[in-house]
Amino acid sequence: MRRKQVDSDRVRAEGQPQLAKELNVPALVAIGVGSTVGAGVYVLVGTVAREHAGPALTISFLIAGIAAALSAFCYAELASRCPSAGSAYHYSYICVGEGVAWLIGWALVLEYTIGGSAVARGISPNLALFFGGPDSLPWILARHQLPWFDIIVDPCAAALVFVVTILLCVGIKESSFAQGVVTVLNACVMIFVIVAGSYIGFQIGWVGYKVSDGYFPYGVNGMLAGSATVFFAYIGFDTVASTAEEVKNPQRDLPLGIGVALAICCALYMAVSIVIVGLVPYFAMDPDTPISSAFAKHGMQWAMYIVTSGAVLALCSTLMGSLLPQPRILMAMARDGLLPSFFSDVNKQTQVPVKSTIVTGICAAALAFAMDVSQLAGMVSVGTLLAFTIVAVSILILRYVPPDEVPLPPSMRESFHLNQECDEEKDRDLLGDGNRNTSQTKDVIVVVESMKDPLIDKRQHKGKMDETKRRKIAAFSIGSVCVGVLILTSSASVTWLPFLPICIGCTIGVLLLLAGLGVLSWIDQDDGRHSFGHSGGFTCPFVPVLPVMCILINTYLLINLGGDTWMRVGIWLLMGVLVYIFYGRTHSSLTDVVYVPVAQADEIYRSSSEYVS
């Protein structure tokens, strides 16, 4: 449960090379859009329209975008208040505790590694279409089955991972510029789909919207099921938060970067879905290549090459977005002592964590080369949804029970004892040491006694008791919300139980959720939130309702990912627990610290800096 200090700049070792502050709003938007808009949208449109939403696919994308915006609001506040590398790992370490932070960081490492490998494996089949067909790549890049092994290797995927790794090692400015170029090209392809598709749609009279089944052929439930599916098309904007330490003006640029990136993605998704669903009836869509086949049906076979190039560009951009955050999370964990210091090294020339980036690239390339990771794709979602959930919980903690004590590193221990000795000396001086005359001593004693007036003491004691009681009530209410959400979503997702137990479980969950939410809405938020971290940034609106909605949506999606996915993730998390027990717990930078009140810590740092100067 030990928590680290918000301002990590204070506790970072002096003289350690820092990450280069090179990113501004356009670069952050390029990283966010590039990491979010993957090739999945070129396939999701057909699958979700055929199986779930029908012509209402646009509404599904809108609802999913609103749900993603809930997490984006929470990320925006924490990123601007705590602008340091590590993203959700960093926030949960500050607000929740070391154990939860370790598991979040460990899950994110798995997410980005498997995500990058899966994306890289998806590039070669799309690239082969430019050479004439699925198996038309040059021999050196084509997929091959190893003799005596049931393994299909993909040299093209591994080569692309190495290229991106080298680009990331060159520097954040260069890699963000390259990702910006690729993202702009991908956006141009999507704009072509929208413009050309609209031209055809007006010519043919939008036949897709004239089906006899109406706008909601699968009902509202089908449309909501489609929203849950396309929600994962919005995963990726959290990559922006992982670059917080490299942003020139994090309080202003990070919230803008996250918000604008998500808005652009939502607008592009909705516009593409409006056009494609209108060109072809939903039941006649090709589930594998819905966009290119829609153009082909109206005599534009050549558009296939443009759409395929868009898919390749989207995959390349997403690959960069998957490999960019992981070295920074490893670096943040190593800085805190939970991983070996090897991962925290920052190259003096390029000012990026080159060693962590190379290790990440080698692991992702090995997976992409030798393993078909499409079966493990669900594990990517677990890491992201866990991060989204814990970030929303951190917002509630920040507002209602922010840390009122901070760890004092060993380097500040001497200042802490000096301050204590100074306070004791001041008290002795105030009461006199026998050298002063009696009248002065009496006057001082009178002043001291008046300061210790029983009424003042009682008022101060009562205020402190009231604040302690409020914090306890707030903590229990946040716990009630989390337990209620877990019971409600679990009961609603278990279909094999009889109706009565499901109904009882849902009722208990709703009561706990509403009770916690009601109390949080009624009591005051903590005044300490104003001085928490860096001030002047974005403030998440509609607290506590918005974070609670975020927790509810993400927990529901987590529970419905399937047993096989959770089995694999469970094994990985168990490995993480063992690593933490045998290494991280004992090597943590918080193993030998003293916790002091926030005001006292500020005074110690201030007096220490004055003494040094």
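Before reading further, recall that the structure is shown in the block above.
Report follows, based on the coordinates. None of these values were measured; they are calculated from a predicted model.

### Here we look at the nonpolar core
1) Next: Ranked by internal contacts, the top residues of the largest apolar core, which has 161 residues, are Tyr 42, Tyr 75, Tyr 269 and Ile 276.
2) Next: Counting residues per element, this core draws most heavily on helix 16 (residues 377-400), which supplies 15 residues.
3) Next: Leave out the neighbours within four places in its chain, and Tyr 269 touches Thr 36, Val 37, Gly 38, Val 41, Phe 61, Met 190, Ala 233 and Tyr 234.

### Remarks on the state of the cysteines
1) Next: Enumeration according to the criterion identifies 0 disulfides in this entry.
2) Next: No disulfide involves Cys 550; its sulfur sits 4.7 Å from the nearest other cysteine sulfur, which is in Cys 74.
3) Next: According to the relative accessible area criterion, Cys 550 is buried, its value standing at 1%.

### Quick look at unusual backbone geometry
1) Next: The residue after Val 543, namely Pro 544, is reached through a cis peptide bond having omega 10 degrees.
2) Next: Tracing the sequence through the fold places Pro 544 in the loop between helix 20 (499-522) and helix 21 (545-559).
3) Next: In this model, Ser 87 sits at a positive phi of 55 degrees, which is unusual for a non-glycine residue.
4) Next: Secondary-structure assignment places Ser 87 in the loop between helix 4 (57-81) and helix 5 (88-95).
5) Next: Despite not being glycine, Gln 351 shows a phi value in the positive range, around 55 degrees.
6) Next: Take Gln 351: it is sitting in the loop between helix 14 (325-335) and helix 15 (354-370).

### Observations regarding the packing of aromatic side chains
1) Next: Taken as a whole and assessed by the stated rule, the structure comprises 21 aromatic pairs.
2) Next: Among the aromatic side chains, those forming a connected cluster through ring pairs are Tyr 75, Tyr 91, Phe 231, Phe 232, Phe 237 and Phe 388.

### Here's the deal with helix 7 (residues 155-170)
1) Next: Here helix 7 spans 23 Å end to end across 16 residues, near enough to the 22 Å set by a 1.5 Å rise per residue.
2) Next: All of the buried residues in helix 7 are Pro 155, Cys 156, Ala 157, Ala 158, Val 161, Val 164, Thr 165, Leu 168 and Cys 169.
3) Next: The inward-facing, buried residues of helix 7 abut helix 6 (98-128), strand 2 (152-153), helix 8 (172-204), helix 13 (303-323) and helix 15.
4) Next: One or two residues past the end of helix 7 sits Gly 171, with phi positive at roughly 155 degrees.

### Some remarks on the pattern of salt bridges
1) Next: Under the defined criterion, the tally for this structure stands at 13 salt bridges.
2) Next: Residue Glu 77 pairs with Arg 81 through a salt bridge whose shortest N-O separation is 3.2 Å. On the criterion of helical spacing, the pair formed by Glu 77 and Arg 81 is a turn pair, its members being 4 residues apart in helix 4. In terms of burial, Glu 77 and Arg 81 fall into one category: buried.
3) Next: Asp 345 is the partner of Lys 355 in a salt bridge, and the nearest nitrogen-oxygen pair spans 2.7 Å. A residue pair is termed long-range when its members are at least 10 positions apart, and Lys 355 in helix 15 and Asp 345 in the loop between helix 14 and helix 15 qualify at 10 residues.
4) Next: The structure contains a network of salt bridges with shared partners spanning Asp 404, Glu 467, Arg 470, Arg 471 and Asp 526.

Thresholds, definitions, all that
- In every chain, residue numbers begin from 1 and rise along the written sequence.
- Only residues with pLDDT of 70 or above have their local features reported here, since the model is predicted, and side-chain atom pairs are shown and tallied only from 80 upward, although totals for entire chains, interfaces and linings are computed over all residues.
- Calculated side-chain values reflect all of the structure's heavy atoms, with hydrogen atoms and water omitted.
- Among the buried residues, those of types Ala, Val, Leu, Ile, Met, Phe, Trp, Tyr and Cys that are joined through side-chain atoms within 4.5 Å form a nonpolar core.
- Each residue is placed in one exposure class: buried if its accessible area under a 1.4 Å probe, protein chains only, is under 20% of its type's maximum, exposed if it is over 50%, and partly exposed if it falls in between.
- A run of DSSP states H or I qualifies as a helix once it reaches four residues; a run of E qualifies as a strand once it reaches two. Both are numbered from the N-terminal end.
- In what follows, residue pairs with any heavy atoms lying within 4.5 Å of each other are defined as contacts.
- The disulfide criterion is simple: two cysteine sulfur atoms within 2.5 Å.
- In this analysis, rings of Phe, Tyr and Trp, with Trp reduced to its six-membered ring, are considered paired at centre separations within 6.5 Å, and the interplanar angle assigns stacked below 30 degrees, edge-to-face beyond 60, and tilted for intermediate values.
- A helix is expected to span 1.5 Å multiplied by its residue count minus one.
- Think of a salt bridge as a Lys or Arg side-chain nitrogen and an Asp or Glu carboxyl oxygen that are within 4 Å of each other.

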